[in-house]
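Single-letter residue listing:
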Amino acid sequence: MSTSSPLPPPSLDPAEITALTDSYFTRTRRIVERFGDIDVTYAVFMRRPVLFACKPAIDWLGDIARARGVTFAIEPRFAEGDRVGAGEPLFYLTGSFRHLVELETLYLQKLGAACVAAFNAYAMACELPHVAFLAMEARHTTGPEMMALMAYAASVGSAAAKRDVGAKGFIGGANDATAAFFGAAAGLGTMPHALIGYAGSTLRAAEMFVETFPDTPLTILPDYYGREVTDTLEVCRRFPEMAAAGRLSVRLDTHGGRFLEGLDPQISYGVLERHAPQSFRQYRTEEELKWLVGTGVSAAAIFRLREVLDAAGFPAVKIVASSGFGPAKCKVMASVKAPIDVVGTGSFLPADWPETYATADIIRYGERESVKIGREFLLRPKL
C-alpha cells in the first residue's frame, strides 16, 4: 500500500497526529524541545511469529519525513512476505527524537494486525495450495484504513505462499477499493442472501443476476431455504451451458445451527468414510470433528455436494466454501482433501487481538546504546 492507494492516505497534519497519539508521547516531545533534540534509534518488533508486512507503516513514515523536510533512516531487516520470529526486530528506525516520538502510536497501528493477518493468509494458502481464496475482510473491519491494511496483508501472505509452495492464493477481494492489491480491476462476488430473499427463490435470484450481468460468471447461495442440494441442481439444469463451461459456482454457507440438506451425523460419517476413510484414524478435537462431520460447512457437506453435482452430470460446477475458514479449519480441510475450488473468507484477520500488539523500543540515544532491562535482544549484534 502506498500513497497511490485508492483509499484516502492517513493524515500528515501535525495537529491531527498530536490529537491521535498517546499524550505521554506529546509531553515527551515538548520536553525534548525544551532540553535539546537528539537522534535516536528504535527497534520495532512483535512478540509472536509473523509475516513481514510493514510497507504501509514504512511508507507512512517516509511521507511524514518528506512533509516535514527531515530524514528518517529506516532499515527493514526483512522483505515483504518474509517470515519473522518472535522478538526479532522488524526494522530499525533512526531520526530526530523530537519528530519521531509522537509517531509511535500511529505507525504501530499499521504494523501488528497486518503482520499477523499476512501470516494467517500465508498459512491458509499453503494448507490449500490448489484452492483459490477470495478476501472478504471488509465487513469485519472498522473502517477504510483497516480494510485496506487487511486486504494488503492478505495479498502479502498470498504472494509468499505462491513463492514458497506454488499456491493459487488470494485471487481477489470483495470490493473495488482493495481489488488492486490482488491485481484485479474490481471486487469479486455475485449475490448476498438478501437477493435470494428478495427474489423469492434461489433459481429466480440466479435468473435475475444472469439477466442483469449476462457476461459475468454466476455464484449462487443455496442455503437460504435450506435446500442446498435441491436448489443447486435446479439452477444447474436452468443454466446447463454455464455449468458445463465452468462459469457456475455454488457457495456453501450453511450456518452452524443445521446440517446441509440430506445430512445428519450418521450420514455425514458415511460420506467421510467413502472419501477420506483415514480422517478419523487420528486424534481430533471437538471443533475439528465438527468441521469434518458436524453442522454448517463441514467436509462431509462439501464432499456430499460434489457427489451430487458429479452424479447429475455437472462436474465443471465449482464449489466455493465459506463460513469460518481460518488457518485451523483450512488445515483440517486439507487433511481430508476436501474438494474445494474457492474459499471465501475474512477469517485471516487476527483472532486473538493481543497478539497483534507491535512494540517500538529505543535502543540508542545519539552515540549511547541503551535499552530497558530485558530487551537486550533488540540491540544490534556486535561485529
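Everything below is about the structure printed above this text.
Parameters and conventions
Starting from 1, residues in each chain are numbered consecutively following that chain's sequence as written. The predicted origin of the model limits local features to residues at a pLDDT of at least 70 and limits the giving and counting of side-chain atom pairs to 80 or more, whereas totals for whole chains, interfaces and linings rest on all residues. Heavy atoms throughout the structure, all of them, feed into the side-chain values; hydrogens and water do not. Secondary structure follows DSSP: runs of H or I at least 4 residues long count as helices, runs of E at least 2 residues long count as strands, and numbering of each begins at the N terminus. DSSP bridges decide pairing: two strands pair if at least two such bridges lie between them. By definition in these notes, contact holds between two residues if any of their heavy atoms fall within 4.5 Å. Note on definitions: angles span 0 to 180 degrees between N-to-C directions of axes, and those axes are lines fitted to C-alpha atoms, for helices only across the stretch in contact. Two aromatic rings, drawn from Phe, Tyr or Trp (for Trp, its six-membered ring), form a pair once their centres lie within 6.5 Å of each other, and the interplanar angle then sorts them: stacked below 30 degrees, edge-to-face above 60, tilted otherwise. Each residue gets one of three labels from its accessible area relative to the maximum for its type: buried under 20%, exposed over 50%, partly exposed in between, using a 1.4 Å probe on protein chains only. Criterion for a charge above a ring: Arg CZ or Lys NZ at most 6 Å from the ring centre, at most 35 degrees from the ring normal. Handedness of a crossing is defined here by the sense of rotation of the near helix relative to the far one, left-handed for an anticlockwise turn of less than a right angle and right-handed for a clockwise turn. Classification convention: Asp, Glu, Lys, Arg as charged; Ala, Val, Leu, Ile, Met, Phe, Trp, Tyr, Cys, Pro as nonpolar; all other residues, Gly among them, as polar. We place a 1 Å grid over just the protein atoms. Points where a 1.4 Å probe fits but has no way out form a cavity, open points with protein on both sides within 12 Å along at least 5 of 7 lines form a pocket, and any residue with an atom within 4 Å of a point lines it. Grid points are joined across faces, edges and corners, and a volume is the space filled by probe spheres set on the points.

A look at unusual backbone geometry
Move 1: If you check the backbone angles, S323 has positive phi at about 95° while not being a glycine.
Move 2: Along the chain, S323 falls in the loop between β10 (318–322) and α15 (327–335).
Move 3: Of note, the phi angle at K337 is positive, near 55°, even though the residue is not glycine.
Move 4: Take K337: it is sitting in the loop between α15 and β11 (342–345).

Examining the sheet that holds strand β5 (residues 89–96)
Move 1: The strand order across the open sheet built from 5 strands is β3-β5-β1-β12-β13, with neighbouring strands paired in antiparallel fashion. The open sheet terminates on both sides in strands that have one partner only, identified here as β3 (73–76) and β13 (368–369).
Move 2: Inspection of the sheet shows strand β1 (residues 39–46) paired to strand β12 (residues 358–365) by 7 bridges, in the antiparallel sense. Across the sheet, the residue bridging to M46 is A358, located in β12.
Move 3: Its contacts with the sheet place helix α3 (residues 55–68) against β3 and β5, and it is angled at close to 165° to β3.

Here we look at the packing of aromatic side chains
Move 1: As enumerated under the stated definition, the model contains 11 aromatic pairs in all.
Move 2: Look at Y224 and Y225: their rings are 4.8 Å apart centre to centre, the planes differ by 65°, and that puts the pair in the edge-to-face class.
Move 3: Classification of Y224 as partly exposed rests on a relative accessible area of 40%.
Move 4: An angle of 35° between the planes, with centres 5.0 Å apart, marks the rings of Y269 and F280 as tilted. In this pair, Y269 is assigned in helix α12 (residues 265–275) and F280 in the loop between α12 and α13 (286–293), connecting sequence segments 11 residues apart.
Move 5: What makes F280 partly exposed here is its relative accessible area of 21%.
Move 6: Ring pairs connect the aromatic residues F133, F170, F182 and F348, which therefore count as one cluster.
Move 7: Sitting over the face of the ring of W60, K110 holds its NZ or CZ atom 5.0 Å from the ring centroid.
Move 8: Geometry around F239 places R238 over its ring, the cationic atom sitting 4.7 Å from the centre.

A look at the side chain of E102
Move 1: Along the chain, E102 turns up in the loop between α4 (97–100) and α5 (104–109).
Move 2: Of the residues examined, E102 reaches a relative accessible area of 4% and is grouped as buried.

Focus: the packing of helix α9 (residues 202–212) against helix α10 (residues 228–238)
Relative placement of two packed helices is described by the angle separating their axes and the distance separating the axes.
Move 1: Two elements in contact, α9 and α10, have axes separated by 9 Å at closest approach and are oriented at 35°. Crossing handedness for the pair α9 and α10: right-handed. Together, T202, L203, A206 and E207 of α9 and D231, E234, V235 and R238 of α10 make up the contact between the two elements.
Move 2: Class assignment for the residues of the contact of α9 with α10 results in 3 nonpolar, 1 polar and 4 charged.

With respect to the sheet that holds strand β7 (residues 169–173)
Move 1: Read across the sheet, 6 strands follow the order β7-β6-β11-β10-β9-β8 without closing on themselves; strand pairing throughout is parallel. Lying at the two open borders of the sheet, with one neighbouring strand each, are β7 and β8 (218–220). With strand direction ignored, the average angle separating the axes of adjacent strands in the sheet is 30°.
Move 2: Relative to β10, strand β9 (residues 248–252) runs parallel, the two being bridged by 4 bridges. Paired with R251 across the strands is V320, a residue of β10.
Move 3: Relative to the sheet, helix α7 (residues 144–165) contacts β6 (132–135) and β7, its axis offset from that of β7 by approximately 150°.

Observations regarding the layout of surface pockets
Move 1: Approximately 1100 Å³ is the volume attributed to the largest pocket.
Move 2: Lining the largest pocket are 44 residues, and of these L134, M136, L188, G189 and R251 lie nearest its centre.
Move 3: Mapped onto the lining of the largest pocket, the elements with two or more residues apiece are β6, β8, β9, β10 and β11.
Move 4: Classifying every residue of the lining of the largest pocket gives 18 nonpolar, 18 polar and 8 charged.

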